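Residue strings, one per chain:
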Amino acid sequence: MTKQQANWSPYDNNGGSCVAIAGADYCVIAADTRMSTGYNILTREYSKICKLADKCVMASSGFQADVKALQKQLAARHLIYQHQHNKQMSCPAMAQLLSNTLYYKRFFPYYSFNVLGGLDNEGKGCVFTYDAVGSYEKVGYSSQGYGSTLIMPFLDNQLKSPSPLLLPVQDAVTPLVEAEAVDLVKTVFASASERDIYTGDKLEIVVVNAAGIRREYMELRKD
Amino acid sequence: MFRNQYDTDVTTWSPAGRLFQVEYAMEAVKQGSAAIGLRSKTHIVLGCVNKANSELSSHQKKIFKVDDHIGVAIAGLTADGRVLSRYMRNECINYSFTYESPLPVGRLVVQLADKAQVCTQRSWKRPYGVGLLVAGLDESGAHLYYNCPSGNYFEYQAFAIGSRSQAAKTYLERRFENFADSSWDDLVKDALMAIRETLQGETLKSSICTVAVVGVGEPFHILDQETVQQMIDAFEVVGEQEGSAAEPDAAAGQEAAAEQGAAAADQGGSTDECVAPMDI
């Protein structure tokens, strides 16, 4: 007597890839705009990036319905925070909130693979990377999604982040200039689009720095 | 007021059909420092007097942002006001979350009123001792409501609550017909002048009052002290001229509202010419 398997899943994977890179005084967050299901494309122009606070941006790949619900939850909690504290949430605070929100649904998780990027209280770039149930770590750069298997090794090679286990504690942020980091992101996505079928169409790049938040786009392969 | 044998419980009627505890709660509102509100077709301005207990302490917060499109000014027990503001904020957030659109002001005030009514019909509760001027903008336009401890609510073109609010109300009654088409500047000026009426002789300074605005294309925000002081300075100069000219109008023009309206509009026009351009 074999165990009966479910004939329906509450989850789906809408594909895509996300990347974030932290610099000395900026943070680059990027994601492609393709939304797919199975071998089909649902739309070529869907944004996976969401501004959570003044200096805090999140990119998520995975099941976009869960991602949307997660973004709404965080936005509502941020509003409450602003009413209570009369200021915006800092990126590290939002990082903890995201982790708690994800773990809250430990036994029916948000199928959402997130990277959080922004500036910390001192204006330095920071990137936090998550799994679906809220385990997170502050890193210098990260990628999530279908393309991350292709992207991450390349970023490891280029950005060579020191191990957080070393003493003395070394800065994880890249010494690259903002323009160089944006260029790197474009290169990385162009490469990922070549081999990953779920990544392509258009690249959305968001840059957070002292001047505010800026957005730019780049065309990617449509196939 | 007057003590009697029917005022111990909120659940006890008096033979005359009154609930004294509710009326006493409304007294608490009258004892609080003044708050005023006025609206045009596109904007609503809330103002309040901030009286600190002593020179050493800060003043109490009486104007709260509830959402981008709604704000509230309170008079009475500020603690009750704070709690109700938190409730209003929650309702707005939950509505936005579910319907992805801002909570219509009319709905919010009904919910507030129902909440206040509950406290007038439970023996283990007491009525909220705070009056709320709710200013909000929604699809049906600009609104100003007054919610009182009794659970009633009313919509107003302009209103004032709290101590010495009658002076402000008199001022607003003279001018309210022009408010619908007032500019941002004129509306804020009228609010400041109404606040000044409640001070009864004391100098109007930006340190003792707070002004907040919400309008089309303008989320609810409290004006900073410099802006308020600039506006006060600008009209203080012409304040005397207008004040002396307004007196005979108020006395004589009780009959035709149109006449009053025209006279006030004339003064409003001349004031505009005299006033220096201000940066908002």
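Rules used throughout
- Residues numbered from 1 in each chain as written.
- Chains lettered and ligands numbered in written order.
- Predicted model: local features only at pLDDT ≥ 70, side-chain atom pairs only at ≥ 80, totals over all residues.
- Heavy atoms only, no water.
- Contact = heavy atoms within 4.5 Å.
- Buried area = accessible area lost by both parts, 1.4 Å probe.
- Salt bridge = Lys/Arg side-chain N within 4 Å of Asp/Glu carboxyl O.
- Helix = DSSP H or I, 4+ residues; strand = E, 2+ residues; numbered from the N terminus.
- Nonpolar A, V, L, I, M, F, W, Y, C, P; charged D, E, K, R; others polar.
- Buried < 20%, exposed > 50% of the residue type's maximum accessible area, 1.4 Å probe, protein only.
- Expected span 1.5 Å × (residues − 1).

Draft legend 1. The interface of chain B and chain A, seen in detail. Contact with chain B, which involves 7 residues of that partner, is made by 6 residues of chain A. Summing the contributions of chain B and of chain A, the shared interface buries around 720 Å²; its carbon and sulfur component is 63%. Of all residues in chain B, the largest losses of buried area upon contact with chain A belong to Arg89(B), Ile93(B) and Phe97(B), amounting jointly to 66% of the total for that side. Linking chain B with chain A are 1 salt bridge. One salt bridge in this structure joins Lys72(A) and Glu100(B), with 2.9 Å as the shortest N-O distance. Of all the secondary-structure elements, those providing two or more residues to the side of chain B that touches chain A are strand S3 (63–67) and helix H2 (78–99) of chain B. The element best represented in the side of chain B that touches chain A is H2(B), accounting for 4 residues. In terms of residue class, the side of chain B that touches chain A is built from 3 nonpolar, 1 polar and 3 charged.

Draft legend 2. Representation of the pattern of salt bridges within the structure. Under the definition given, this model contains 21 salt bridges over all chains. A salt bridge links Lys189(B) to Asp186(B), with the shortest nitrogen-to-oxygen separation between them at 3.3 Å. Of the two residues, Lys189(B) and Asp186(B) both sit in helix H5 (residues 184–199), 3 residues apart, roughly one turn of that helix. For the pair Lys189(B) and Asp186(B), one class covers both residues: buried. Because the salt bridges share partners, they merge into one network encompassing Glu178(A), Lys186(A), Arg214(A) and Glu216(A).

Draft legend 3. Summary view of helix H2 (residues 91–104) of chain A. Residue and element names in this part refer to chain A. For H2, with 14 residues, the first-to-last C-alpha span of 20 Å sits near the 20 Å given by 1.5 Å per residue. The set of residues buried in H2 consists of Cys91, Met94, Ala95, Leu97, Leu98, Ser99, Thr101 and Leu102. Those residues of H2 that are buried lie in contact with strand S5 (49–53), strand S6 (56–62), helix H1 (64–85), strand S7 (112–119), strand S8 (125–130) and strand S9 (136–139).

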